[in-house]
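Descriptive analysis of the structure
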Amino acid sequence: MTSMTTDIIRIGRIEYTNVWPVFQQFDPQRLGFPAELVTQVPAELNRRIQEGAIDIAAISSYAYAQAADDLLLLPGLSVSAYGRVRSVLLFHRKPLAEVASGTVALTRSSATSVNLLKIILAKRYGGSPSYVTMKPDLDRMMSSADAALLIGDDAIKASWANTGYEVTDLASEWTSWTGHWMTFAVWAVRRSLAESRPDMVSAVVRAFQESKEKGRRNRSAVVNQAMSAFGGTEAYWNEYFDGLSHDFGAGQQAGLAAYLRYARELGLLERDVPLRIWNDTTVAQVNE
Ligand SMILES: C=C(O[C@@H]1C=C(C(=O)O)C=C[C@H]1O)C(=O)O
C-alpha cells in the first residue's frame, strides 16, 4: 500500500461491548488534530488496517500476526481473559470430541477466535472438522453444522436464549488447557504513521490510557449503558467486565505468544511473529 496521508487519523473501534471500558471516555475530537472513529466488527477492522484505510485500531490479535510487518502494538491495551470470557462461545449438539470430526460453522466477524477453535479442536481433541464461514446467525448455522462459533454481542445474546445447545467458552477451554491468558484483541498502529507522526501516536496512546483508567473508575456508567442497549442484569454485566482485562502485561503477552506458536505449528500462520510494541522514545528525546 501507499503510505497514508495524515490529513485525518482514522481510529477503528470494535463494535462490541467488550471494548466499551476503553472507548467510552475516548473522544477523538480532543486529540488536537483531525481524527475520526470507525466502528466495525473485528474482521472488517482487520481488513481495513491491513489495507491502510485506517491508521490505528483495536483488531483481532491474529490479524496483527498476519500483518505484523506493517503494524506495531500499542502498549497496555488488549481484550483478554484468564479463564471464562462469556462472549466467545461454541454452541454444539454433541460433545467436543465428536464435534472434532464433524462440521463447524464459524462467524465471519472473527479472526482470533476461529483460529483458537481450530487450535483447540486439533491439539486438544485431535480432530479436524470441516469448517464453513457464515453470518453470525445461530439458527442458520446450526441447521447446516454440528457446532457454531459466535463472538462478541452475538455470543452474549445467544447465551441468553434458551437454545438447548451445549455451550463451551473458548477462553475457559484455553486457560484450563494451557494455563495461559487468552488475548483476543490488541490495539495496533500502522508502522508508517508511527514513523511519520510519533507525536500523534503518542497523543492517541495517552488518550486511550486515560479513557481506560476512567472506565475502570466509572464501571457503573458502562454497565448501565450495556443494560439499556441489550438488557441483562447489572450482576451479569459486572461479572462480564470483571472477567475481561484490557491490560497487556507480561501474562497477556505470554498467552498471546503461546497462541501464536500453536497457530504457527498448525500452519495457520506462515511464520513466527514477534510482539513489537510501539514506544515513544523518539518523542521523549524531542521533548527533553
Ligand atoms: C472477547 C472477545 O474478543 C473479540 C474477538 C475477536 C476475534 O475473534 O477475532 C476480535 C476482537 C475481540 O474483541 C469477544 O468476542 O467478546
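Looking at an unreviewed UniProt entry, the chain carries the name Chorismate dehydratase, with the source organism given as Paenibacillus thermoaerophilus. Under the UniProt heading Function (unreviewed entry), the note attached to the chain is "Catalyzes the dehydration of chorismate into 3-[(1-carboxyvinyl)oxy]benzoate, a step in the biosynthesis of menaquinone (MK, vitamin K2)." Checking UniProt for the chain, the heading Pathway (unreviewed entry) contains the comment "Quinol/quinone metabolism; menaquinone biosynthesis."

1. Re the pairing of strand 1 (residues 9–14)
Where strand 1 lies against strand 2 (residues 35–40), six bridges are found, and the strand directions are parallel. Paired with Ile11 across the bridge in strand 2 is Leu37. Strand direction decides the pairing type here: strand 1 and strand 3 (residues 56–60), joined by two bridges, are parallel. Opposite Gly12, over in strand 3, you have Ala57 as the bridge partner.

2. Notes on the site of the ligand
If you check the shell around the ligand, you find 17 residues, and the closest are Ser60, Ser87, Ser110, Ser113 and Phe184. Mapped by element, the contributors of at least two residues to the shell around the ligand are helix 5 (112–124) and strand 10 (182–190). Broken down by class, the residue content of the shell around the ligand amounts to 10 nonpolar, seven polar and no charged. Shared between two domains, the shell around the ligand takes at least three residues from each, and those domains are domain 1 (9–82 + 182–278) and domain 2 (88–178).

3. Things to note about the domain arrangement of the chain
Each assigned domain of the chain is listed with its residue range as follows: domain 1 (9–82 + 182–278) and domain 2 (88–178). Computed over C-alpha atoms only, the centres of domain 1 and domain 2 are separated by 23 Å. In this assembly, 23 residues from domain 1 lie in contact with 21 residues from domain 2. Looking at the side of domain 1 that touches domain 2, the elements that each hand over two or more residues are helix 2 (42–51), helix 3 (61–66), strand 10 and helix 13 (250–265). Ranked by the residues each element gives to the side of domain 1 that touches domain 2, the list is headed by helix 13, at four residues.

4. Here's the deal with the nonpolar core
One finds Ala57, Ile59, Tyr64, Leu74, Ala148, Ala188 and Val189 to be the most contacted residues of the largest nonpolar core, which totals 88 residues. Residues lining this core come from more than one domain, with at least three contributed by each of domain 1 (9–82 + 182–278) and domain 2 (88–178). Every residue in contact with Ile59, bar those within four places of it in the chain, is listed here: Gly12, Pro42, Leu45, Asn46, Ile49, Tyr64, Ala185, Val186 and Ala188.

5. A few points about the pairing of strand 7 (residues 130–134)
Both strand 6 (residues 103–107) and strand 7 contribute to a ladder of five bridges, which runs parallel. Considered in strand 7, the bridge of Leu106 is made with Thr133. This β-α-β element, strand 6 to helix 5 to strand 7, shows right-handed connectivity.

6. Some words on unusual backbone geometry
Positive phi outside glycine occurs at Arg86, with the angle close to 75 degrees. Looking at the secondary structure, you find Arg86 in the loop between strand 4 (71–81) and strand 5 (88–92). The class for Arg86 is buried, based on 20 C-beta atoms found within 10 Å.

7. So, the sheet that holds strand 9 (residues 166–169)
Pairing is mixed in the open sheet, where five strands are placed in the order 7-6-8-5-9. Strands at the two margins of the open sheet, each flanked by one partner only, are strand 7 and strand 9. Here the strands of the sheet are splayed against their neighbours by 25 degrees on average, with no regard to which way each runs. Running at roughly 120 degrees to strand 8 (residues 147–151), helix 7 (residues 152–160) makes contact with strand 5, strand 6, strand 8 and strand 9 of the sheet. Along the sheet, helix 8 (residues 170–178) makes contact with strand 5 and strand 9, crossing strand 9 at roughly 55 degrees.

8. Remarks on helix 2
Turning to helix 2, its buried residues are Pro42, Glu44, Leu45, Asn46 and Ile49. Taken together, the buried residues of helix 2 touch strand 1, strand 2, strand 3, helix 3 and strand 10. Looking at the residues trailing helix 2, positive phi occurs at Gly52, about 85 degrees.

9. Regarding the sheet that holds strand 1
Think of a sheet as strands paired side by side through backbone hydrogen bonds, with each pair either parallel or antiparallel. Strand order in the open sheet formed by five strands is 2-1-3-10-4, with mixed pairing between adjacent strands. Unpaired on one side and paired on the other, strand 2 and strand 4 mark the two borders of the sheet. In this sheet, adjacent strand axes meet at a mean angle of 30 degrees when their direction is disregarded. Two strands pair when backbone bridges link them, and strand 4 and strand 10 are joined in this way by seven bridges, in the antiparallel orientation. Bridge assignment links Ser80 to a residue of strand 10, and that residue is Thr183. Relative to strand 10, helix 13 is tilted by about 95 degrees, and along the sheet it contacts strand 4 and strand 10.

Calculation criteria
- Residues numbered from 1 in each chain as written.
- Predicted model: local features only at pLDDT ≥ 70, side-chain atom pairs only at ≥ 80, totals over all residues.
- UniProt positions renumbered as here; feature names shortened; annotations may be inferred.
- Pairing = 2+ DSSP bridges.
- Helix = DSSP H or I, 4+ residues; strand = E, 2+ residues; numbered from the N terminus.
- Near = placed C-beta within 6 Å.
- Nonpolar A, V, L, I, M, F, W, Y, C, P; charged D, E, K, R; others polar.
- Domains from an automatic or database assignment.
- Contact = placed C-beta atoms within 7 Å.
- Core = buried A, V, L, I, M, F, W, Y, C linked by C-beta atoms within 7 Å.
- Buried ≥ 20, exposed ≤ 12 C-beta atoms within 10 Å, placed from the backbone.
- Right-handed = clockwise from strand over helix to strand, strands pointing away.
- Axes fitted to C-alpha atoms, helices over the stretch in contact; angles between N-to-C directions.

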